[in-house]
Amino acid sequence: MDDTHNISVKLLDWYDVHARELPWRISPQDRARDVLPDPYRVWMSEIMLQQTTVATVKDYFLKFTAKWPNVEALSKASEDDVLRAWAGLGYYSRARNLKKCADMVVAEHGGNFPADVKALKALPGIGDYTAAAIASIAFDIPAPVVDGNVERVFSRLFAIDTPLPAAKPLIKTKVDSVLCPMRAGDFAQATMDLGATICTPKKPACTHCPIRDNCRALADFDPELFPYKLAKKEKPKRKGAAFVAVSPSGDVLLEQRRSSGLLASMAQVPTTEWNSRQDGVSDINGAPFSADWKHRGTIRHVFTHFELELIVWHAENVHSDGENYWWSTRENLPDEALPTVMKKVISCAIPDLF
DNA sequence: AACACGGGGGC
DNA sequence: GCCCCAGTGTT
């Protein structure tokens, strides 16, 4: 028995016993009977799981699949409906591509996801990873599924000392050489589960690892040294001010962000530009209109590529209005497409709202 | 190849 | 605080 086959057998045996039960997975009984999961649910979960943890995704997945149980239903929703439901999950281009992809599956594939890696990758929001994951999990098509977990598992397994992301092609080749073509979906999920639960970034549980005897990093080095990564750059800081205007009846003034760039098309309270430097006191000059603005504090929020500090101003009994604004009632505020940074801002001015 | 793109959890 | 995460699309 060659070593690569040995590895996949051990991984699958481990997975048969230790597979986690997750909302987007079929039951162990169905899995034992070779039943395949609904491609729509596999797709939905994989999009949500991009750069997002299982714990965060669970509630959103249940909400989305209850609201839109199939691709036709999602296709009938508006982009804004989807954006509002996605609010708080981050990477909002995923939500717009989700809607676009649903439309394309209905229009170009008769409402069925294509059982083909290339056709899947042609759909918006589906890249190398997700195309391989859907093909493997939903259709049992053998394809190398390489995410952050798998990169770590295989970097350690073969003690790959090329730093990421340059090592990615090599890792993909290794995964391709190990994967089990008879159980492509289970193999993909087994390697990701292993990375999430055993082969963790810090303090991996090597004693519980089903493939510890095959691991070069464990035998010759220290698994925690892998994967090698390029040093990351320092995050620049930006500052600005945000203005929470409240009407006599308690409504909050909102506007929609532009349709491209950061937090595209999401809702926000009026703000100044987010610049690299700004002196807090003069920020009030950036208010959208004059009012009895009161300073309520400062909130901080970290984005992928910069840190933001917003001074929060608050005014009540505001009557002013404008074409690009709307008033959101207190009851409706949780249903607006408000990103987390804006919930922080509004909570700073109006505590106990969310 | 580098960058833009959110947010939350673990330690 | 720092690191990571079931990545994709654009330039």
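As named in an unreviewed UniProt entry, chain A is Adenine DNA glycosylase, taken from Ahrensia kielensis. Of the comments in the UniProt record for chain A, the one headed Function (unreviewed entry) reads "Adenine glycosylase active on G-A mispairs. MutY also corrects error-prone DNA synthesis past GO lesions which are due to the oxidatively damaged form of guanine: 7,8-dihydro-8-oxoguanine (8-oxo-dGTP)." Taken from UniProt, the Sequence similarities (unreviewed entry) comment for chain A reads in full: "Belongs to the Nth/MutY family."

Let's shift gears to the nonpolar core. In terms of nonpolar packing, the biggest core is built from 99 residues, with Trp43 and Phe64 touching the most fellow members. Residues from two domains meet in this core; each of domain 1 (3-225) and domain 2 (237-349) gives at least three. Among residues more than four places away in sequence, those in contact with tryptophan 43 are Leu74, Leu98, Cys101, Ala102, Phe113, Ile126 and Ile134. Listed in part, the eleven residues of the second largest apolar core include Phe243, Ala245, Leu253 and Phe289.

On to the protein's contact with DNA strand B. With respect to spatial proximity, 20 residues lie near DNA strand B, and among them Thr52, Tyr92, Leu263, Thr304 and Thr340 are the closest. Taken together, the sugar and phosphate atoms account for 63% of what DNA strand B places within 4 Å of the protein. Within the contact set of DNA strand B, a base nitrogen lies 2.9 Å away from a backbone nitrogen or oxygen of glutamine 51. Residue threonine 340 places a main-chain N or O atom 2.7 Å away from a phosphate oxygen belonging to DNA strand B.

The next subject is the side chain of glutamate 46. Position of glutamate 46 among the secondary structure elements: in helix 3 (residues 39-48). When residues no more than four places from it in sequence are discounted, the contact partners of glutamate 46 are Tyr129, Thr130, Ala133 and Ile137.

The subject of this paragraph is the environment of glutamate 331. Mapped onto the elements of the fold, glutamate 331 is located in the loop between strand 6 (325-328) and helix 14 (340-349). You can call glutamate 331 exposed: its relative accessible area is 64%. The spacing of glutamate 331 and aspartate 251 is 80 residues in sequence and 9.1 Å in space, taken between C-alpha atoms.

The next point concerns the environment of valine 35. With respect to the secondary-structure elements, valine 35 resides in the loop between helix 2 (28-32) and helix 3. Remark: the alpha-carbon pair of valine 35 and leucine 179, spanning 144 residues in sequence, is separated by 20 Å. Among all residues touching valine 35, those that are not within four sequence positions of it are Ile26 and Asp30.

A cluster of nonpolar side chains, contributed by Phe221, Leu225 and Tyr228, occupies part of the molecular surface with about 310 Å² of accessible area. Along the chain, the position of leucine 225 falls in the loop between helix 13 (216-220) and strand 1 (237-245).

Below, the discussion takes up the packing of aromatic side chains. Scanning the model with the defined rule gives twelve aromatic pairs in all. Plain terms: the ring middles of tryptophan 24 and phenylalanine 61 are 5.4 Å apart, the flat faces sit at 75° to each other, and that makes the pair edge-to-face. With tryptophan 24 in the loop between helix 1 (3-18) and helix 2 and phenylalanine 61 in helix 4 (residues 54-67), this residue pair connects regions lying 37 residues apart in the sequence. You can call tryptophan 24 buried: its relative accessible area is 9%. A relative accessible area of 0% means that phenylalanine 61 is categorised as buried. Members of the aromatic cluster, joined through ring pairs, are Tyr40, Trp43 and Phe113.

Bringing the protein's contact with DNA strand C into the picture now. If you check the shell around DNA strand C, you find 26 residues, and the closest are Gln51, Gly125, Asp147, Asn149 and Arg152. Here the atoms of DNA strand C within 4 Å of the protein split so that 71% fall in sugar or phosphate, with bases taking the remainder. Between a phosphate oxygen of DNA strand C and a main-chain N or O atom of glycine 127, the distance comes to 2.8 Å. A distance of 3.2 Å separates a phosphate oxygen of DNA strand C from a polar backbone atom of glycine 148. Breaking the surface near DNA strand C down by element, the ones donating at least two residues are helix 9 (128-139), helix 10 (148-157) and helix 12 (184-197). Among the residues forming the surface near DNA strand C, the class breakdown is ten nonpolar, eight polar and eight charged.

Right, let's get into the packing of helix 3 against helix 7 (residues 93-109). Two elements in contact, helix 3 and helix 7, have axes whose closest approach is 11 Å; the angle formed by their N-to-C orientations is 160°. In this view, helix 3 runs roughly antiparallel relative to helix 7, as classed from their interaxial angle. Judged by the twist between their axes, the crossing of helix 3 over helix 7 is right-handed. Residue-level inspection shows Trp43, Met44, Ile47 and Met48 of helix 3 in contact with helix 7, the latter providing Arg94, Leu98, Cys101 and Ala102. Taken together, the residues that form the contact of helix 3 with helix 7 break down as seven nonpolar, no polar and one charged.

Quick look at the pattern of salt bridges now. Overall, the coordinates contain 17 salt bridges when judged by the stated rule. Two residues, aspartate 128 and lysine 172, come together in a salt bridge whose shortest N-O distance is 3.8 Å. Taken together, the positions of aspartate 128 in helix 9 and lysine 172 in helix 11 (residues 168-178) put the pair 44 residues apart, joining distant regions of the chain. Residue aspartate 128 is classed as partly exposed on the basis of its relative accessible area, which comes to 46%. Arginine 216 is paired through a salt bridge with aspartate 220; the nearest N and O atoms lie 2.5 Å apart. A residue pair is termed a helical-turn pair when its members lie 3 or 4 positions apart in one helix, as arginine 216 and aspartate 220 do in helix 13 at four residues. A relative accessible area of 44% places aspartate 220 in the partly exposed class. Linked by salt bridges that have partners in common, Asp16, Arg31, Arg183 and Asp186 make up one network.

Criteria and cut-off values
Residues numbered from 1 in each chain as written. Chains lettered and ligands numbered in written order. Predicted model: local features only at pLDDT ≥ 70, side-chain atom pairs only at ≥ 80, totals over all residues. Heavy atoms only, no water. UniProt positions renumbered as here; feature names shortened; annotations may be inferred. Core = buried A, V, L, I, M, F, W, Y, C linked by side-chain atoms within 4.5 Å. Buried < 20%, exposed > 50% of the residue type's maximum accessible area, 1.4 Å probe, protein only. Domains from an automatic or database assignment. Contact = heavy atoms within 4.5 Å. Near = heavy atom within 4 Å. Polar contact = N/O pair within 3.5 Å; in protein donor to acceptor, adjacent residues only side chain to side chain. Helix = DSSP H or I, 4+ residues; strand = E, 2+ residues; numbered from the N terminus. Patch = residues over 30% accessible without salt bridge, like charges linked within 9 Å, V, L, I, M, F, W, Y side chains within 5 Å. Areas by Shrake-Rupley, 256 points an atom, 1.4 Å probe, with all protein chains shown as cover. Salt bridge = Lys/Arg side-chain N within 4 Å of Asp/Glu carboxyl O. Phe/Tyr/Trp six-rings, centres within 6.5 Å; stacked < 30°, edge-to-face > 60°. Nonpolar A, V, L, I, M, F, W, Y, C, P; charged D, E, K, R; others polar. Axes fitted to C-alpha atoms, helices over the stretch in contact; angles between N-to-C directions. Parallel < 35°, antiparallel > 145°, perpendicular 65-115°, else oblique. Left-handed = near helix turned anticlockwise from the far one by under 90°.

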